[in-house]
Amino acid sequence: MATVTFRDETATGKALAEFALPDLPESISARELVRLRVREEVARHNAAPSRHFHGLVKPTEAEAELNGYRMRTARRLDWERQADAAEAAFARNGFLLLVGDRQIEDLDTEIDLITDPVASFVKLVPLVGG
């Protein structure tokens, strides 16, 4: 079994936040890795719902704010809906997934968590007017 560390980073490589998940298989697809990350962050949010969500993708009817999203009301989130949104965001280059010294470009890529136990996520922000 493997432990993976999920890390949010800036485009310059500065770590913003991280958490670890133990007891994962030694090999996993990038798609499963993204979905696991989202499921965990939604579970943490749902344990104590608030108006603020710190996660990979914006929940429906939320507004972006510094280091997260603000919702109109405190509510529970659907992890599968959030995971689907994360997959769609990956497909449109909403974030980069870096594992070891390489960028993952296909969600079907297999990742060896023993060799590369850190998955870094870099959210990309569209340029204004571009």
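Description of the structure in this document. Everything quoted here is computed from the prediction, not taken from an experiment.

**Concerning the pairing of strand β10 (residues 118–123)**
For strand β1 (residues 2–9) and β10, the ladder comprises five bridges, and the chain directions are parallel. Following the sheet pairing, Phe6 is matched in β10 by Ala119. As judged from the five bridges shared by strand β7 (residues 95–99) and β10, these two strands associate in the antiparallel manner. Bridging from a neighbouring strand, Leu97 pairs with Phe121 of β10.

**Observations regarding unusual backbone geometry**
For residues that are not glycine, phi is negative in most cases, and the peptide bond is trans in most cases. Its identity is not glycine, yet Asp23 carries a phi of approximately 60 degrees, on the positive side. With respect to the helices and strands, Asp23 occurs in strand β2 (residues 15–24). Notably, Glu61 is not glycine yet its phi reads approximately 60 degrees, a positive angle. Turning to its location among the elements, Glu61 is positioned in the loop between β4 (52–53) and β5 (62–65).

**A look at the sheet that holds β4**
Across the sheet, which stays open at both edges, the three strands sit in the order β4-β6-β5 with antiparallel pairing between neighbours. Among the strands making up the open sheet, the edge pair consists of β4 and β5.

**So, the sheet that holds β2**
Here we have five strands laid out as an open sheet, ordered β2-β1-β10-β7-β8, and mixed in their pairing. In this open sheet, the two strands that pair with only one neighbour each are β2 and β8 (102–104). Strand-to-strand twist of the sheet, defined as the mean angle between neighbouring strand axes without regard to direction, takes the value 25 degrees. Strand direction decides the pairing type here: β7 and β8, joined by three bridges, are antiparallel. Each residue of the ladder has a partner; that of Val99, found in β8, is Arg102. Against the sheet, helix α1 (residues 30–47) engages β1, β2, β7, β8 and β10, with an angle of about 105 degrees to β2.

**Some points on the packing of α1 against helix α2 (residues 79–91)**
When two helices pack together, their arrangement is given by the angle between the helix axes and by the axis-to-axis distance. It is the contact of α1 with α2, at a shortest axis distance of 9 Å, that shows an interaxial angle of 135 degrees. What the angle tells us is that α1 and α2 run oblique. When you trace α1 past α2, the crossing you get is right-handed. Across the interface between the two elements, Arg31, Val34, Arg35, Val38, Arg39 and Val42 from α1 touch Trp79, Glu80, Gln82, Ala83, Asp84, Ala86 and Glu87 from α2. Along the lines of polarity and charge, the residues of the contact of α1 with α2 split into six nonpolar, one polar and six charged.

What counts and what doesn't
- Residues numbered from 1 in each chain as written.
- Predicted model: local features only at pLDDT ≥ 70, side-chain atom pairs only at ≥ 80, totals over all residues.
- Heavy atoms only, no water.
- Pairing = 2+ DSSP bridges.
- Helix = DSSP H or I, 4+ residues; strand = E, 2+ residues; numbered from the N terminus.
- Axes fitted to C-alpha atoms, helices over the stretch in contact; angles between N-to-C directions.
- Contact = heavy atoms within 4.5 Å.
- Parallel < 35°, antiparallel > 145°, perpendicular 65-115°, else oblique.
- Left-handed = near helix turned anticlockwise from the far one by under 90°.
- Nonpolar A, V, L, I, M, F, W, Y, C, P; charged D, E, K, R; others polar.

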